Amino acid sequence: MTRPIEDTTGARAAGTAAAQRLVAEDGAFLDDLEQQLDAPYEQLKPGAAA
């Protein structure tokens, strides 16, 4: 079993903090964008009415 690499530079913590800020500041925009991008494919889901 391989041991995880220790984050001695703080890069993981900095990346996590940046991702949290992005979601906090732009989460609603990203959710709306995701819905818009997924909308054309909604009717292609299995079981959807043709």
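Residues numbered from 1 in each chain as written. Predicted model: local features only at pLDDT ≥ 70, side-chain atom pairs only at ≥ 80, totals over all residues. Heavy atoms only, no water.

### Focus on the overall build of the protein chain
Looking only at helices and strands, the protein chain features one helix and zero strands. The C-alpha radius of gyration of the protein chain comes to 19 Å, more than 25% above the 10 Å expected for a compact globule of 50 residues. Here the C-alpha coordinates of the protein chain stretch approximately 55 × 35 × 10 Å along the principal axes. Out of the 50 residues belonging to the protein chain, those deemed buried represent 2%. Total accessible area on the protein chain stands at roughly 4,900 Å², and carbon and sulfur atoms take up 58% of it. Computing the positive centroid from 4 side-chain charges and the negative centroid from 9, the protein chain places the two 12 Å apart. (Helix = DSSP H or I, 4+ residues; strand = E, 2+ residues; numbered from the N terminus. Rg over C-alpha atoms; globule rule 2.2 N^0.38 Å. Buried < 20%, exposed > 50% of the residue type's maximum accessible area, 1.4 Å probe, protein only. Areas by Shrake-Rupley, 256 points an atom, 1.4 Å probe, with all protein chains shown as cover. Lys, Arg positive; Asp, Glu negative; His and termini not counted. Charge placed at Lys NZ, Arg CZ, Asp CG, Glu CD.)

### Some words on a negative patch on the surface
Judged by side-chain charge, Asp31, Asp32, Glu34 and Asp38 come together as a negatively charged surface patch. Note that Glu34 resides in helix 1 (residues 11–38). (Patch = residues over 30% accessible without salt bridge, like charges linked within 9 Å, V, L, I, M, F, W, Y side chains within 5 Å. Salt bridge = Lys/Arg side-chain N within 4 Å of Asp/Glu carboxyl O.)

### Quick look at a nonpolar patch on the surface
Among the surface-exposed residues, Leu22, Phe29, Leu30, Leu33 and Leu37 lie close enough to one another that they form a single nonpolar patch of about 460 Å² accessible area. With respect to the helices and strands, Leu37 occurs in helix 1.

### Details of the environment of Ala13
On the secondary structure map, Ala13 appears in helix 1. Classification of Ala13 by relative accessible area gives exposed; the value is 51%. Residues Ala13 and Asp31, 18 residues apart in the sequence, show an inter-C-alpha distance of 24 Å.

### Focus on the environment of Ile5
Here Ile5 is to be found in the segment before helix 1. For the pair Ile5 and Ala18, spaced 13 residues apart in sequence, the C-alpha separation works out to 21 Å.

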